[in-house]
Structures are given as structure tokens and as C-alpha cells.
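# Structure at a glance
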Amino acid sequence: MPIQMSPNDIRAVYQQGEDAVVNLITMLIDRLNALENEVSRLKGIFNKNSHNSSKPPSSDQFRKPNNLREKTGRKSGGQPGHPGNTMAMTETPDIVVDYSVSGKCSCGYCLDNIVALEFERRQEVEIPQVKPTITEHRAEIKKCPGCGKVHKGKFPSHVVAPVQYGANAKATAVYLNQYQLIPLERTAELLNHLFHLPVSEGSLVTFARQAYEGLEKTENDIVEQIRAAKVAHFDETGMYVEKKRGWLNIAGTQRLTRYFFHDRRGKEAMDAANILPRFNGTAVHDGLKAYFLYTCKHGLCNVHHLREMKFQVEQCHQQWAKDMTKNLIDIKEQVAATKAKQETCLTKKVLKCFEKRYCDIIEQGYKENLVIPVKPKPGKRGRTAQSSARNLLDRFKKYHTAVLLFMHDFDVPFDNNSAERDGRMTKVQQKISGCFRSRMGAYTFCRIRSYISTVRKQGLDVYESIIKVFSVNNGSISFLPE
């Protein structure tokens, strides 16, 4: 409520003596500080975006924020010396059509039977009309002349119905729906228009379910290999299933990806994903407290820190944040330069220098953000709220080792971009198709996308790899592509 005091009310307080005036001024100062804190908090909420906080890019509105990257001064597009890429002629065309010269020259000589000196070539690349190929499998039926017993030939193990779709047809449907993220209705329409293959949405769901079942062993292989990795990346992002918000847990390395859906966020989901409870390497993540409940080593994503410090510099004018940003970038550049020399670690002198600078900046930050004692409100429980700058400083101090682990161990990256990249396409799927209608649909998507992401990381052909799911051991595979 606003404070309303007339000049006469102020004089009345003054006449009550020194204590009354002190109490009034103290009350007004407390109220002013509270309002300033509230204004600062609201300004912080309004000015946060994906470039200075952990908010997703989809939440950015009204303006395009500045990028963290420094300007290079170069024009956009291909740079000088770039080889470029254009369509090249083939020396083995499938069809050759010659256009002859006939008639008479202007001098009157007939050109019909003159041998051509050479040909000017132009090539046209075309897609032939695609029609499905129907293979009829026929098993002989014979009757023994001696005893009358009937014998029948055996069909291939994958031919189980009077009429069914083949591995290529199923793989194409899964490729379009699960990899290219085309919704079911449009996938069915595309298959009909381009391939003259009338497929119902129900059949598309069945194909995806078959791929899900066939990839069970592969998913287990991926989980085991991530557990054994020296460094793995972890992240989590919201996923809507049956109109409720759940969580997609992401775990991966440079060659492996595993997605796992769970209703909850935190340790319960991480235990159910069954990687971190048995993981002994270094987990790189964004600092969610649940990760620190596991005994493995931890490396924090410093790109998150750079974003948060960008906010502190731009909105809160924190000099320490500017100094810490430069320090982390200097360390990153020093590590990159050392790696380029084929060296495996920084010298002790350099490490000690960066460590001291890191600690000095934190101390500087605490001096810039002294805690002002605030009398707690009656009945209010819990810790007294701190400024975002103090919270960030506390994190840098508490998780000193995790923040600078990339400096001591060159196998640990500066950021957690690997896991964030792995999560991007799942957000695209949600934007295109909305929430998953069933939990089974979410489980199916996670397992198939784990396989697809792993295949891509290992440089294999996605479409051919999906075909293998339907063509090996009657739709069941038990290998991880190397």
C-alpha cells in the first residue's frame, strides 16, 4: 500500500521527538530498499533473454538481443579462397540424346551427312517416377504319392502376412516421420503422392513401434558405452506428453546419444535413466543440483556462465563479471593454443596464475556486492533472498573445481554444447507436432532418435541404418554401428 502522509502528519511525528523521527526514516528507508529490490528484480526478468541467461530462444520477444560472439568484420557468406560447391557434370550419363545439324549452310552445301567435329554438352538431372515393386512369394504345396502327406515350402522369416510392406517402405516411413519430423498425416500423404504407396496413419505408428522394439538391444548398447565413457554430456528439457509437461533427459558423447523421457525432473529421472548411478567418468552439465548427488567428477558449462555474466554486466553493471568473462575466455584460448601444439596440459605456472586470478575476481565480486543485513519479516521462513550477482558468485566459489576442470583436463570441454545440440531437434518436433498423444509415442520417439543421432555422429547413412532395423533378424538388431 502507498504511504500517505500530509505535511501536518510529518510535523506531528517531529513533535513526538527524536526517536519517532528516527523510526519514521528507518521505515521509509526499508520501504525504499524493498521497492528498489523489486524494481531490480522485475527489470532483470524483463531484460533476460537466451543470450544473457538460460532462457530458451523461443522465449525471446520484441527485440533481437546481441550475440555472445565478437564481430569479425567479415561479410556474410563464402569467404575469399573458399572452393565453393556447384553441380558438376558426370562422365557416365544414363541417357544420351544427340541433336543433329541438318539442312544447308548459307553457302548452299548440305550438312546432313557431315561428321560432327565435337559436341557441346549440357546435362539435366531428373528424378524418375517412383512406383512400388510388388514381390509375390509363393510356397509350393506337394502331396506325397506314397502316403498322401502334404508338404509345403517355407516362406522367408520376414514374410508373415498375405500382404505386407517391405523393409524399404517401412524405413522410408520412419525416416520421414521420426527423422525429418513430418507429421503422420503429411507423411502418409507424401508416400502416396511420391511413391504411390497408400499407407494409413495407423500403419505408420505400427512401423515406428516395430523400429522401437527392434532397437531395444541397440539402446542398451548405447547406455553401456556412455557409462564407460571418460566424459559424457547431460542435459534435460521439457517435453509434453498427454497434455502434461514431462522431462526429456539427454546423455551423450561425441559418438553416442541417448534420450530418456520421465515425468519428473531431477534425481528420480536420472536414476530411472540408469546412466549416472553407474557412471565413473566426468559429467558435463549446466549445474542442476541433482547432478551433484552422484559421485562422478563434474564439469560445468561455462557458456551458461558467460550468458549470466553478460546479464550482470549489461543490466547490473558488475565489473567483476566483466573481469571473470575475460578470464574464462583467456583460459579457453590458452587451452586451445596448447592443444594446437600437441601438448596435453598447461604448465603449473600458467595454471597457478589463472587460479589466482579466478579467486581474486571472486573476492572482488563479494566486495562489490556486500550483504546488507535485512530484518526478516515476522513468520517468514527459509533463507533470505540474495541478489543474482551474489548467487552467481557463490556458485563460482562453491564449484570452483567444476568450473575450471576444462583447464586441468583437456578431455573436458569448455561448454555443454554437445548435449544442447542433441536436444534441439526434439524441441523442433514439439513445435511441429505439439505434445505426444501417448506415453508410448514419447518412448518410441526417444529410442529411435537415440539411434538416429548416434548413427549421424558416427558418420553413417541414416536411411540405410533405418533399413537395417527392419531387415536384420526379422526386425530385430543386436549391434551398435561402429
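Note: the structure precedes this text.
Residues numbered from 1 in each chain as written. Predicted model: local features only at pLDDT ≥ 70, side-chain atom pairs only at ≥ 80, totals over all residues. Heavy atoms only, no water.

Further remarks concern the packing of helix 8 (residues 302-316) against helix 9 (residues 319-340). Between helix 8 and helix 9, the least distance of the axes is 8 Å, while the angle of their chain directions is 150°. By the angle between their directions, the pair helix 8 and helix 9 is classed as roughly antiparallel. Crossing geometry of helix 8 relative to helix 9 is assigned as left-handed. Facing helix 8, whose interface residues are Asn302, Leu306, Met309, Gln312 and Val313, helix 9 presents Trp320, Ala321, Lys322, Met324, Thr325, Leu328 and Ile329. Residue composition of the contact of helix 8 with helix 9, by class: eight nonpolar, three polar and one charged. (Axes fitted to C-alpha atoms, helices over the stretch in contact; angles between N-to-C directions. Helix = DSSP H or I, 4+ residues; strand = E, 2+ residues; numbered from the N terminus. Parallel < 35°, antiparallel > 145°, perpendicular 65-115°, else oblique. Left-handed = near helix turned anticlockwise from the far one by under 90°. Contact = heavy atoms within 4.5 Å. Nonpolar A, V, L, I, M, F, W, Y, C, P; charged D, E, K, R; others polar.)

With that out of the way, let us pick up the side chain of Thr338. Within the fold, Thr338 resides in helix 9. A polar contact of 2.7 Å, which involves the side chain of Thr338, links it to the backbone oxygen of Gln334. Aside from chain neighbours lying at most four places away, what touches Thr338 is Glu343, Cys345, Leu346 and Phe410. (Polar contact = N/O pair within 3.5 Å; in protein donor to acceptor, adjacent residues only side chain to side chain.)

Let us now look at the side chain of Gln318. Tracing the chain through its elements places Gln318 in the loop between helix 8 and helix 9. Side-chain polar atoms of Gln318 contact the side chain of Trp320, separated by 2.7 Å. Dropping the residues within four chain positions of it, Gln318 is found in contact with Gln312, Val313, Glu368, Asn369 and Ala389.

Moving on, we come to the packing of aromatic side chains. Overall, the coordinates contain 11 aromatic pairs when judged by the stated rule. On the basis of an interplanar angle of 15° and a centroid distance of 4.2 Å, the ring pair of Phe292 and Tyr399 is categorised as stacked. Of this pair, Phe292 sits in the loop between strand 6 (282-285) and strand 7 (297-300) while Tyr399 sits in the loop between helix 11 (388-398) and helix 12 (400-403); the two residues are 107 residues apart in sequence, bridging distant segments of the chain. A relative accessible area of 23% means that Phe292 is categorised as partly exposed. Given a relative accessible area of 17%, Tyr399 falls into the buried group. Ring geometry for Trp320 and Phe396: centres 6.2 Å apart, planes at 85°, overall edge-to-face. Of the two residues, Trp320 sits in helix 9 while Phe396 sits in helix 11, which places them 76 residues apart along the sequence. Here a set of aromatic residues connected by ring pairs shows up, and it is made of Tyr175, Tyr179 and Tyr463. The ring of Trp247 carries Arg265 above its face, with NZ or CZ at 4.5 Å from the centroid. One cation-aromatic arrangement involves Arg447 over Tyr212; the distance from NZ or CZ to the ring centre is 3.8 Å. (Phe/Tyr/Trp six-rings, centres within 6.5 Å; stacked < 30°, edge-to-face > 60°. Buried < 20%, exposed > 50% of the residue type's maximum accessible area, 1.4 Å probe, protein only. Lys NZ or Arg CZ within 6 Å of the ring centre and 35° of its normal.)

If you check helix 14 (residues 417-433), its first and last C-alpha atoms are 25 Å apart, about what 17 residues at 1.5 Å a residue would give, namely 24 Å. Buried within helix 14 we find Ser418, Ala419, Glu420, Asp422, Gly423, Thr426, Gln429 and Gln430. Here the buried face of helix 14 lies against strand 3 (231-241), strand 4 (244-252), strand 5 (257-262), helix 8 and helix 15 (439-457). Just past helix 14, the residue Gly434 takes up positive phi, approximately 75°. (Expected span 1.5 Å × (residues − 1).)

Here the focus is unusual backbone geometry. Phi at Leu181 is positive, roughly 65°, even though this residue is not glycine. Topologically, Leu181 is positioned in the loop between helix 3 (167-179) and helix 4 (184-195). Within the chain, His317 stands out as a residue other than glycine whose phi angle is a positive 55°. Its place among the elements puts His317 in the loop between helix 8 and helix 9.

The strand order across the open sheet formed by five strands is 5-4-3-6-7, and the pairing between neighbours is mixed. Taken across any chain shown, the strands that pair with only one partner, and hence form the sheet edges, are strand 5 and strand 7. In this sheet, adjacent strand axes meet at a mean angle of 30° when their direction is disregarded. Looking at chain direction, strand 6 and strand 7 are connected through four bridges and run parallel. Directly across from Val284, in strand 7, lies its bridge partner Gly299. On top of the sheet, helix 6 (residues 216-227) reaches strand 3, strand 4 and strand 5; it is set at about 105° to strand 5, its chief contact. (Pairing = 2+ DSSP bridges.)

Now for empty space enclosed by the protein. For the structure shown, the criterion picks out one cavity of 30 Å³ or more. The volume enclosed by the largest cavity comes to roughly 120 Å³. Lining the largest cavity, in full, are Phe234, Asp235, Asn249, Ile250, Ala251, Arg258, Phe260, Met270, Ala273, Ile275, Leu276 and Tyr291. Elements that contribute at least two residues to the lining of the largest cavity include exactly strand 3, strand 4, strand 5 and helix 7 (267-273). Examining the composition of the lining of the largest cavity, we find that three residues originate from one element, strand 4, more than from any other. A breakdown of the residues in the lining of the largest cavity according to their chemical character gives nine nonpolar, one polar and two charged. (1 Å grid on protein atoms, 1.4 Å probe; cavity = no way out; pocket = protein on both sides within 12 Å on 5 of 7 lines; lining within 4 Å. Points joined across faces, edges and corners; volume = space filled by probe spheres on them.)

In total, this model carries 19 salt bridges according to the counting rule given. Among the salt bridges present, the one from Glu120 reaches Arg122, with a minimum N-O distance of 3.4 Å. Residue class for Arg122 comes out exposed when judged on its relative accessible area of 73%. Taking the shortest distance from any N to any O, the salt bridge between Lys326 and Asp330 comes out at 2.9 Å. With Lys326 and Asp330 both in helix 9, this residue pair falls four residues apart, about one helical turn. Overlapping salt bridges, with partners in common, bring together Glu219, Arg258 and Arg447 in one network. (Salt bridge = Lys/Arg side-chain N within 4 Å of Asp/Glu carboxyl O.)

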